[in-house]
Amino acid sequence: MEPISAGALDIIQPTYWPGNYWWHWLFYTVVVIVFMLVMVIGAIYFERRAMGKMQTRLGPNRTGPFGLLQPIADAVKVLLKENIVPGVADKIVHFLAPVIAFTPVLLIFTVIPFQNGAMLADLNIGILFIVAVSSIATVGVFMAGWGSGNKYSLLGAMRNVAAVVSYEIPMVLAILGVVMVTGSLSMNDIVNAQNIPNILVQPLGFLLFFTAACAEINRSPFDLMEADSELTAGFHTEYSGMRFAMFYLVEYAEAIAMSAVISTLFLSGWRGPWLPPWLWLIIKTFFVFFLMIWVRTIMPRVRIDQLMGLAWKFLFPLAVINLFATAIEVLAWPDASQWIFVGVNIVLAGALVFLGSRLFKTGLGRVEV
Amino acid sequence: MKFENFGLGIVKGLSVAIQYVWRHALVTQYPEQRLNISRRSRGNELVWSRERCTGCATCAKACPQGVIEIVTATDMTENKYKVETYRVDTGYCIQCGLCVEACPYDALFMGYSYERAKYRRAELVQTNDELLESPQRPVSGYFHPDIAKKLPKQTLLIEKIVEKRK
């Protein structure tokens, strides 16, 4: 761990703030909300431009310089639109769903360090908090599906619940590998312990976590719950105006939050040479987000049975084996150089992906309904 | 053994996608950038030349739709017909070009421009001066190879059209 001067650390420790914790709380709440809104606007623009480039299009380039104001124009448009609630909708559930889907995403950012110790709350169970809180968004999505009184909404929401429940398991197992290597659940300690980025120490864990995160936040190719060719728009079919904007915001905010979590867990978070730490975190977040866009561009949407099969027959066994291998490495050779494990784990990841692909089959275990 | 089934397929797909980032986009920024249409394009709206027209009405007879209406009067001093009304209902015109082929005096051409949509049905009925050649209504090379030679070369999508910076 590189030594950090005491003076720099004092400023960002909450106890040294005037008014004790309250100013700290207020400052970081504002920072988190502003950061997330700006990042979402950037992410929407970035995704549309990057996907356009990969498809030999240009993407939005009309509104403002290089089309930079396009997300803002879209937001203004959608906010000015009429808010239609279906007659058969469960009004309270329909009303609360976007809020409940949106809040957990903000909560994820409370434990992501922008610098050494610079975060709203340095929980010693940071990553557990993220796993627990990020699942709440699913309740919001299911409320939207149920409250809309529409079969397509309900189907989309059911698919989302199925996906999240399944993919939570390989995701948590991949996180456990990281936690074993770094020896802490606190996000700040995880970053501090990464002298080698965890993507090298846990390459399989990164792949598993990335896939599971994509499925969890419904990025394509796992965007089954809003599969527009099958379910019109899935759970937000009956949403319009500002509440639709909330769901749209949630979609990208979740992607950004998961990118930030991945960059914190696997890409050594705010650590990096030359540039300020918060900039490194943003750069890494956008890099991971770019990976998501990249995968989205090339992959067709999977079927629901393929989605479930991938979670239970491919990711889950690999995650368990990865966890065991990491546990053996950590227990048997605690003093060995991490670089040895880098080599071993990359070979292991390659072999396991090969074996897993060889044994992976869908379509077995047919259920007659 | 083929490694495409073991994750290499995804890597190949990713590498193909990233190559396209550095290629130029195959789209035209339409109102600012326009593609030249083919020289051999037949064109749409008729372009009529008042000087060359003798009012023989061959075009009206050739028209399968009967959309050309021509009214002439005799000009006794110059001993020739004077065209009083030349009216084409382009709403019924099928752009077959038979009138252009039929004209014995090369007084009729197909138009080369392609943004000729109208807001009102009545605007489609064009009379006299509305049919003359103008910068907005150039003539096409249909049935006139000498004109076709002078038209700009067709631009293709693969030719580089840079993004317009605002």
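Calculation rules
- Residues numbered from 1 in each chain as written.
- Chains lettered and ligands numbered in written order.
- Predicted model: local features only at pLDDT ≥ 70, side-chain atom pairs only at ≥ 80, totals over all residues.
- Helix = DSSP H or I, 4+ residues; strand = E, 2+ residues; numbered from the N terminus.
- Rg over C-alpha atoms; globule rule 2.2 N^0.38 Å.
- Buried ≥ 20, exposed ≤ 12 C-beta atoms within 10 Å, placed from the backbone.
- Contact = placed C-beta atoms within 7 Å.
- Nonpolar A, V, L, I, M, F, W, Y, C, P; charged D, E, K, R; others polar.
- pLDDT = per-residue confidence, 0-100.
- Bend = angle between axes of the 7 residues up to and from the residue.
- Axes fitted to C-alpha atoms, helices over the stretch in contact; angles between N-to-C directions.
- Parallel < 35°, antiparallel > 145°, perpendicular 65-115°, else oblique.
- Left-handed = near helix turned anticlockwise from the far one by under 90°.

1. Section: the overall build of chain B
Here is step 1 of the chain: When helices and strands are counted, chain B shows 4 helices and 5 strands.
Here is step 2 of the chain: Along chain B, helices and strands appear, N-terminal first, in the series α-β-α-β-β-α-β-β-α.
Here is step 3 of the chain: The C-alpha atoms of chain B give 24 Å as radius of gyration, which overshoots the globular expectation for 166 residues (15 Å, by more than 25%).
Here is step 4 of the chain: On the principal axes, the C-alpha backbone points of chain B span a range of 90 × 40 × 35 Å.
Here is step 5 of the chain: Looking at chain B as a whole, 17% of its 166 residues are labelled buried.

2. Thoughts on the overall build of chain A
Here is step 1 of the chain: Scanning chain A from N- to C-terminus turns up 15 helices and 0 strands.
Here is step 2 of the chain: Relative to the 2.2 N^0.38 estimate, which gives 21 Å for 369 residues, the radius of gyration of chain A is 21 Å and therefore close to what a compact globule would have.
Here is step 3 of the chain: The principal-axis extents of the C-alpha atoms in chain A amount to approximately 65 × 60 × 40 Å.
Here is step 4 of the chain: Across the 369 residues in chain A, those meeting the buried criterion constitute 45%.
Here is step 5 of the chain: Put simply, 78% of the contacts in chain A that link residues at least 6 apart link residues at least 24 apart.

3. A look at the environment of I84 of chain A
Residues and elements named next belong to chain A.
Here is step 1 of the chain: Structurally, I84 is set in the loop between α3 (70–80) and α4 (91–108).
Here is step 2 of the chain: Judged by local crowding, I84 falls into the exposed class, with 12 C-beta atoms found within 10 Å.
Here is step 3 of the chain: As for I84 and S240, which are separated by 156 residues in sequence, their C-alpha atoms are 6.0 Å apart.

4. Digging into the interface of chain A and chain B
Interface size is often expressed as the accessible area that is lost when the parts come together.
Here is step 1 of the chain: Every contact between the two is made by 13 residues of chain A and, on the other side, 14 residues of chain B.
Here is step 2 of the chain: Looking at the side of chain A that touches chain B residue by residue, the class counts come to 7 nonpolar, 4 polar and 2 charged.

5. Here's the deal with the confidence of the model for chain B
Here is step 1 of the chain: Averaged over every residue, the pLDDT of chain B is 84; the share at 70 or more is 94%.
Here is step 2 of the chain: Taken over the whole predicted complex, pTM reads 0.81, whereas the ipTM for its chain interfaces reads 0.73.

6. Let's talk about α4 of chain A
Residues and elements named next belong to chain A.
Here is step 1 of the chain: Its maximal kink placed at A97, α4 deviates by approximately 30°, while the proline P98 follows within four residues.
Here is step 2 of the chain: Residues of α4 that are buried include every one of H94, A97, P98, A101, P104, V105 and I108, and no others.
Here is step 3 of the chain: Contacts from the buried residues of α4 go to α5 (126–134), α6 (136–147) and α12 (241–266).

7. Some details on the packing of helix α10 (residues 203–216) of chain A against helix α14 (residues 304–332) of chain A
Residue and element names in this part refer to chain A.
Here is step 1 of the chain: Where α10 contacts α14, the axes come no closer than 10 Å and their chain directions differ by 150°. Taken as axis vectors, α10 and α14 run roughly antiparallel relative to one another. For the pair α10 and α14, the crossing hand works out as left-handed. In this structure, α10 contributes L204, G205, L208, T211, A212 and A215 to the contact, and α14 contributes L307, L315, L318, A319 and N322.
Here is step 2 of the chain: The class makeup of the residues in the contact of α10 with α14 is 8 nonpolar, 3 polar and no charged.

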